[in-house]
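One-letter residues, chain by chain:
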Amino acid sequence: MADSPQQTTLLAFLKTNLKNLSNPGGLQPIQSFHPFATTGIGAIFKDIILTIPSAIPSDGKIAASSKCTRIGGNVFNSFQVLASMLFSLNKETYPLGMSFALGEGTDEKASAVAEKIRKACWCYRDAIVNYVEREGVDLATAWVFENQANGGRSIVSLNQVADLTFKELLDLTSKYNLALDDIDKSGSLEYDGDESYRDVTLSWWCHIEGRNCLGVYKYLLHSKSVDPLDQNAFFSLDAENYTRPGVFELQGISDVIFTSDNGEGYEGNRDLILDGVLQKMMLMLAKEKGQGGVNKSSVIYVTLGKYGCVVGYTANCRFKHPKIQIPGFEDDISTAATAGTSLNLPSSRVLGSFRGGVDRAELWQFFEIGALPGCTDVVETVGAGDTFIAAVIFALQCELGVVEAGVLGNMVAGTKCLQIGFEHVWKRALERVLGEAVKQEVKQERDESI
């Protein structure tokens, strides 16, 4: 089957990225990329990952087969991957910043942790890490138990580090702006004084982990009110915990919402899991914005682990998207689905459409996107969801469509599950998907350009 125009565009996009990673001395620009100053707000944890053969019995004891300790946290994990993806764009400078509250206790100094965070983004020279010290408390810790028997995991966390407040977020933003002035000005972007990040060529993208949601919500609204340029900012939300106060308010102003469904109670039945996701989405989209509902211009990604993900959007979505299928007119559908592609990519199909909103005026369409084929030798699933988020943000910033962004997310997240950590996951994902023939083509083109 011939590739669709969307597949051809995606193939060209992936090939350019692989060429750039293979030949960083002669990067080719990706013309569709919209330059962003990207910031993230979240928490930092010391992750202690233990691999166990089976579930731990009640009052029982079990031996772990391996242990891995590293600095983690949702935003930090995502930005490690995002840094490597931004590196494959071109030679220009696109600011990347992270804001955290770090414990300053006896376990490890906050400054040392911050330096580890910077070094983890080894490939990206403009990663800016701003933090607030919390004296007298240790770095938050998460004990992750990976079950080899069923591929699941359990997490026990201890976090005594207070989240960033509204005032602290404002202070860290000022530090971020000043840090931008110290960045090497060798890129083609224009920097002008303290407001350099406000250059007309840059837009602001803020990714939020979903902690101190009310404070972050106040901060984002304040930022949009004091600077007209921020009115066109993009907000993405990792809504991992809907019990946190203010998460619904944040959801109501977010352009991209990431959530997950582990399929609990469906005993691995894919069809029941997908039906359950749609039912939950229908309930959420029937609510008012800020009360559990969402902005009608948002796009929603629901990750499903080994079953891939679901993406939902309306015609008002701020990103490129397939034409909305009107219920009862199934032939009136875009050719955006990637089923039958010649690449080793996840496939996609229309899952369903329904009307949402309190007045049921918005027509939402949902696509199912499968997992990356061939991911059978899973090594580590910790951070796969964070990797998915990074890849989707990158794809949307490169002006790919919402479905293609989901395909890219599953592609990189699936590759992440085949390795420990995040290093080189973007390049390995490209090589895995493009195949040996395309890699040879890329190599030949690179050699000819030397």
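Rules and cut-offs
- Counting of residues starts from 1 at the beginning of each chain's written sequence and follows it residue by residue.
- Reporting in this predicted model follows two pLDDT cut-offs: at least 70 for local features of residues, and 80 or more for side-chain atom pairs to be given and counted; totals over whole chains, interfaces and linings ignore these cut-offs and use all residues.
- To get the side-chain values, take all heavy atoms of the structure and skip hydrogens and water.
- Numbering of helices and strands runs from the N terminus, with a helix taken as a DSSP run of H or I at least four residues long and a strand as a DSSP run of E at least two residues long.
- Any residue under 20% of the maximum accessible area for its type is buried, any over 50% is exposed, and the rest in between are partly exposed; the area is computed with a 1.4 Å probe on protein chains only.
- Any two residues having at least one pair of non-hydrogen atoms within 4.5 Å are treated as being in contact.
- Computed with a 1.4 Å probe, the accessible areas rest on the Shrake-Rupley method; for each residue, only the protein chains presented here act as cover.
- By this definition, two strands are paired if DSSP reports at least two bridges between them.
- The working definition used for a salt bridge is a side-chain nitrogen of Lys or Arg within 4 Å of a carboxyl oxygen of Asp or Glu.
- Each axis is a line fitted through C-alpha atoms, taken for helices only over the stretch in contact, and angles between the N-to-C directions span 0 to 180 degrees.
- Here is the rule for handedness: rotate from the far helix to the near one, and if that takes an anticlockwise turn smaller than a right angle the crossing is left-handed, while a clockwise turn gives right-handed.
- Throughout, the ten residues Ala, Val, Leu, Ile, Met, Phe, Trp, Tyr, Cys and Pro are labelled nonpolar, Asp, Glu, Lys and Arg are labelled charged, and all others, Gly among them, are labelled polar.
- Stacked, tilted and edge-to-face are the three classes applied to pairs of Phe, Tyr and Trp rings, where Trp contributes its six-membered ring and a pair requires centres within 6.5 Å; stacked means planes under 30 degrees apart, edge-to-face means over 60, and tilted covers the rest.
- Buried Ala, Val, Leu, Ile, Met, Phe, Trp, Tyr and Cys residues that are joined via side-chain atoms within 4.5 Å together make up what is termed a nonpolar core.
- Computed over the protein atoms alone on a 1 Å grid, cavities are sets of points where a 1.4 Å probe fits but cannot get out and pockets are open sets with protein on both sides within 12 Å along at least five of seven lines; a residue lines them when it has an atom within 4 Å of a point.
- Grid points are joined across faces, edges and corners, and a volume is the space filled by probe spheres set on the points.
- Each helix should span, by expectation, one fewer than its residue count multiplied by 1.5 Å.
- Throughout this description, any angle smaller than 35 degrees is read as roughly parallel, any larger than 145 degrees as roughly antiparallel, any in the 65 to 115 degree range as roughly perpendicular, and the remainder as oblique.

1. Re the overall build of the protein
Moving on, step 1. Across its full length, the protein carries ten helices and 14 strands.
Moving on, step 2. Across the 450 residues that make up the protein, the buried fraction comes to 55%.
Moving on, step 3. Across the protein, contacts joining residues at least 24 apart in sequence account for 70% of those joining residues at least 6 apart.
Moving on, step 4. When the accessible area of the protein is evaluated, it comes to approximately 19600 Å², of which 51% is carbon and sulfur surface.

2. Some remarks on the pairing of strand β4 (residues 96–104)
Moving on, step 1. β4 sits mainly inside the fold: nine of its nine residues count as buried.
Moving on, step 2. Side chains L96, M98, F100, L102 and E104 of β4 all project onto a buried face; the interleaved residues G97, S99, A101 and G103 project onto the opposite face, where all are buried too.
Moving on, step 3. Pairing between strand β1 (residues 36–41) and β4: four bridges, direction parallel. For T39, the partnering residue across the bridge sits in β4 and is G97.
Moving on, step 4. Strand direction decides the pairing type here: β4 and strand β5 (residues 127–135), joined by nine bridges, are parallel. Note that in β5 the partner of E104 across the bridge is E135.

3. Quick word on the pattern of salt bridges
Moving on, step 1. Under the counting rule described, the total for this entry stands at eleven salt bridges.
Moving on, step 2. A salt bridge links R70 to E380; the shortest N-O distance between them is 3.0 Å. Of this pair, R70 sits in strand β3 (residues 66–72) while E380 sits in the loop between β14 (362–369) and α8 (384–397), placing them 310 residues apart in sequence. The residues R70 and E380 share a single accessibility class, namely buried.
Moving on, step 3. Here D255 and R318 are joined by a salt bridge, their closest N and O atoms 2.9 Å apart. In this pair, D255 sits in the loop between α6 (247–253) and β10 (256–260) while R318 sits in the loop between β12 (309–313) and β13 (348–356), placing the two residues 63 residues apart along the sequence.
Moving on, step 4. Taken together, the salt bridges that share partners define one network made up of R70, E380 and K416.

4. Topic: the packing of α8 against helix α9 (residues 402–416)
Moving on, step 1. Close contact between α8 and α9 brings their axes to 7 Å; oriented N to C, the two are set at 145 degrees. α8 and α9 meet at a crossing whose hand is right-handed. Facing α8, whose interface residues are A384, T387, F388, A391, V392, F394, A395 and L396, α9 presents V402, A405, G406, L408, G409, N410, V412, A413 and K416.
Moving on, step 2. Considering only residue class, the contact of α8 with α9 consists of twelve nonpolar, four polar and one charged.

5. Brief notes about the packing of aromatic side chains
Moving on, step 1. The final tally for this structure, using the stated rule, is 15 aromatic pairs.
Moving on, step 2. Pairing F36 with F234 gives two aromatic rings, centres 5.5 Å apart and planes at 80 degrees, and the pair type is edge-to-face. Here F234 lies in strand β9 (residues 234–238) and F36 lies in strand β1, a separation of 198 residues in the sequence.
Moving on, step 3. Residue class for F36 comes out buried when judged on its relative accessible area of 4%.
Moving on, step 4. Given the relative accessible area of 13%, F234 is considered buried.
Moving on, step 5. Here the aromatic rings of W204 and F235 are separated by 5.6 Å at their centres, their planes lie at 80 degrees, and the arrangement is edge-to-face. Of the two residues, W204 sits in strand β8 (residues 203–208) while F235 sits in strand β9, which places them 31 residues apart along the sequence.
Moving on, step 6. Judged by relative accessible area, W204 falls into the buried class, the value being 8%.
Moving on, step 7. Owing to a relative accessible area of 1%, F235 belongs among the buried residues under this scheme.
Moving on, step 8. Ring pairs connect the aromatic residues F36, W205, F234 and F319, which therefore count as one cluster.

6. Here's the deal with the nonpolar core
Moving on, step 1. Of all hydrophobic cores here, the largest spans 76 residues; its most connected members are L14, Y301, F394, V402, M411 and W426.
Moving on, step 2. The element that contributes the greatest number of residues to this core is α8, accounting for nine residues.
Moving on, step 3. Not counting residues up to four positions away in its chain, the partners in contact with M411 are L14, L345, P346, L372, W426, A429, L430 and V433.

7. A short note on empty space enclosed by the protein
Moving on, step 1. In total, this model carries one cavity of 30 Å³ or more according to the counting rule given.
Moving on, step 2. Computed from the structure, the largest cavity encloses a volume of approximately 130 Å³.
Moving on, step 3. Along the wall of the largest cavity there are 17 residues; nearest its centre are G42, A43, D163, L164 and R211.
Moving on, step 4. Broken down by class, the residue content of the lining of the largest cavity amounts to eleven nonpolar, four polar and two charged.

8. Quick look at α9
Moving on, step 1. Over its 15 residues, α9 extends 21 Å from the first C-alpha to the last, a length consistent with the 21 Å expected when each residue adds 1.5 Å.
Moving on, step 2. Across the 15 residues that make up α9, a large majority, 15, are buried.

9. Some remarks on the sheet that holds strand β6 (residues 140–147)
Moving on, step 1. Spatially, the four strands line up as an open sheet ordered β3-β2-β6-β7, and their pairing is mixed. Of all strands in the sheet, those bounded by a partner on one side alone are β3 and β7 (153–158). Each strand of the sheet is rotated relative to its neighbour by a mean of 20 degrees, with strand direction disregarded.
Moving on, step 2. Where strand β2 (residues 45–52) and β3 come together, seven bridges link them in antiparallel fashion. Bridging from a neighbouring strand, L50 pairs with K67 of β3.

10. Focus on the packing of helix α2 (residues 74–87) against α8
Moving on, step 1. The contact between α2 and α8 brings their axes to 8 Å, and the two run at 45 degrees. In this view, α2 runs oblique relative to α8, as classed from their interaxial angle. Here α2 and α8 pass one another in a crossing that is right-handed. In contact with N74, N77, S78, V81, L82, M85 and L86 of α2, α8 contributes D386, T387, I389, A390, A391, I393, F394 and Q397.

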